[in-house]
Amino acid sequence: VMSCSQVDESLDPLPLVVDTTNQLFVTGPADKRQLVKRYRGANQSIRLATEKSRLAYWRAAGYPVPKIYENTTPAPRHQLVMEFIDGQDLGAYLRDATVSLPEKLEMLKALFQANAKRHSQVLKEQDSELLHHDFNTGNILLDHGRFVFIDFESRMKVPGSVEQLVDMVGIEVAKLIRWSARDIGRAHLGKVID
């Protein structure tokens, strides 16, 4: 983990969690931690607004996503403050050699069943906003037995027909299968598909 001073001397002294396309920082006391996502690169305002609206939408629909908090920090402008989920991502769990294969497969079964309910709602209501644009094992956090979905800064293309919506559901499922098989081990692809 890099220190803030390694990234940018002008940043607030918050612990840096991840430095990828954006920067993620943890702030606050241990019992009230928050995650600050600072957007970098092109279209920061649009990506911030998209993520904020999609998190609110999924939460209102009853799906587990981090809570959003009011941004009370003075700078920089393009950042989102949300609940800190103190859990590992699904990919790390599936790669963990101390977890048995049956436990991993049970976790995936529960996830696919939960997503089948969401996909049924997507198709019934023809609501593409309940699809995830980047559904991979790094964007699913495990938090005390529940799945929490993250990373909503990109908006999906709105399908023009029910057939396109069905295709988008299929793409989401296929992505999760591919990422899960990569993380759990390609030798277990058949078991992941089952």
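Preceding block: the structure.
This section reports on the structure supplied with the text.

Considering the overall build of the protein
- Tallying secondary structure elements over the protein gives six helices and seven strands in all.
- Counted from the first residue to the last, the protein has its helices and strands arranged as α-β-β-β-α-β-β-α-α-β-β-α-α.
- A buried classification covers 41% of the 194 residues belonging to the protein.
- Intrachain contacts of the protein at a sequence separation of at least 6 include 56% that bridge at least 24 residues.

Observations concerning the environment of Leu130
- Looking at the secondary structure, you find Leu130 in the loop between α4 (101-125) and β6 (140-143).
- For the pair Leu130 and Arg118, spaced twelve residues apart in the sequence, the C-alpha separation amounts to 7.2 Å.
- Apart from the residues lying within four places of it in its own chain, the contact partners of Leu130 are Tyr57, Trp58, Ala61, Tyr63, Arg118, Gln121 and Val122.

Some details on α4
- Helix length check: α4 (25 residues) gives 36 Å between terminal C-alpha atoms against 36 Å at 1.5 Å per residue, within 8%.
- Of all the positions in α4, only Lys104, Leu108, Leu111, Asn115, Arg118, His119, Gln121 and Val122 are classed as buried.
- Where α4 is buried, its residues meet α2 (44-60), α3 (90-95), β6, β7 (146-149), α5 (162-184) and α6 (189-193).
- Gln126 occupies a position one or two residues after α4 and carries a positive phi of about 50 degrees.

Considering the pairing of strand β2 (residues 23-27)
- Within β2, four of the five residues are buried, which leaves it mostly tucked inside the rest of the structure.
- With five bridges connecting them, β2 and strand β3 (residues 34-38) associate as antiparallel partners. Counted as the bridge partner of Gln23 is Arg38 from β3.
- In this structure, the hairpin formed by β2 and β3 is closed by a connection of six residues, where Gly28 is found at a positive phi of approximately 95 degrees.

Some thoughts on the packing of α4 against α5
- Running from amino to carboxyl end, α4 crosses α5 at an angle of 170 degrees, the nearest separation of the two axes being 11 Å. Classified by the angle between their axes, α4 and α5 sit roughly antiparallel to one another. Mapping the contact onto sequence places Leu101, Lys104, Leu105, Leu108, Leu111, Phe112, Asn115, Arg118, His119, Val122 and Leu123 in α4 and Leu165, Val166, Val169, Glu172, Val173, Leu176, Ile177, Ser180 and Ile184 in α5.
- Here the contact of α4 with α5 is composed, by residue class, of 14 nonpolar, three polar and three charged.

Section: the packing of aromatic side chains
- For the structure shown, the criterion picks out four aromatic pairs.
- Ring geometry for Phe135 against Phe149: centres 5.9 Å apart, planes inclined by 25 degrees, an arrangement best described as stacked. With Phe135 in the loop between α4 and β6 and Phe149 in strand β7, the pair connects residues that are 14 residues apart, well separated along the chain.
- Judged by its relative accessible area of 4%, Phe149 falls in the buried class.
- One aromatic cluster is present, formed by Trp58, Tyr63, Phe135, Phe149 and Phe152 through successive ring pairs.

Overview of the nonpolar core
- With 35 residues, the main nonpolar core has Trp58, Leu90, Leu111, Leu131, Ile140 and Phe149 as its most contacted residues.
- For this core, the element with the highest residue contribution is α5, accounting for six residues.
- Leu111 has contacts with Leu90, Ile140, Phe147, Phe149 and Leu176, leaving out every residue within four places of it along the chain.

Section: the side chain of Asn139
- By the secondary structure assignment, Asn139 is in the loop between α4 and β6.
- A relative accessible area of 7% means that Asn139 is categorised as buried.
- One polar contact links the side chain of Asn139 to the main-chain carbonyl oxygen of Asp134, over a distance of 2.8 Å.
- Sequence-distant contacts of Asn139, that is, excluding residues within four places in its chain, are made with His132, Asp134, Val148, Phe149, Ile150 and Asp151.

Reading the values: rules and limits
Residues numbered from 1 in each chain as written. Predicted model: local features only at pLDDT ≥ 70, side-chain atom pairs only at ≥ 80, totals over all residues. Heavy atoms only, no water. Helix = DSSP H or I, 4+ residues; strand = E, 2+ residues; numbered from the N terminus. Buried < 20%, exposed > 50% of the residue type's maximum accessible area, 1.4 Å probe, protein only. Contact = heavy atoms within 4.5 Å. Expected span 1.5 Å × (residues − 1). Pairing = 2+ DSSP bridges. Axes fitted to C-alpha atoms, helices over the stretch in contact; angles between N-to-C directions. Parallel < 35°, antiparallel > 145°, perpendicular 65-115°, else oblique. Nonpolar A, V, L, I, M, F, W, Y, C, P; charged D, E, K, R; others polar. Phe/Tyr/Trp six-rings, centres within 6.5 Å; stacked < 30°, edge-to-face > 60°. Core = buried A, V, L, I, M, F, W, Y, C linked by side-chain atoms within 4.5 Å. Polar contact = N/O pair within 3.5 Å; in protein donor to acceptor, adjacent residues only side chain to side chain.

Keep in mind these values describe shape, not function.
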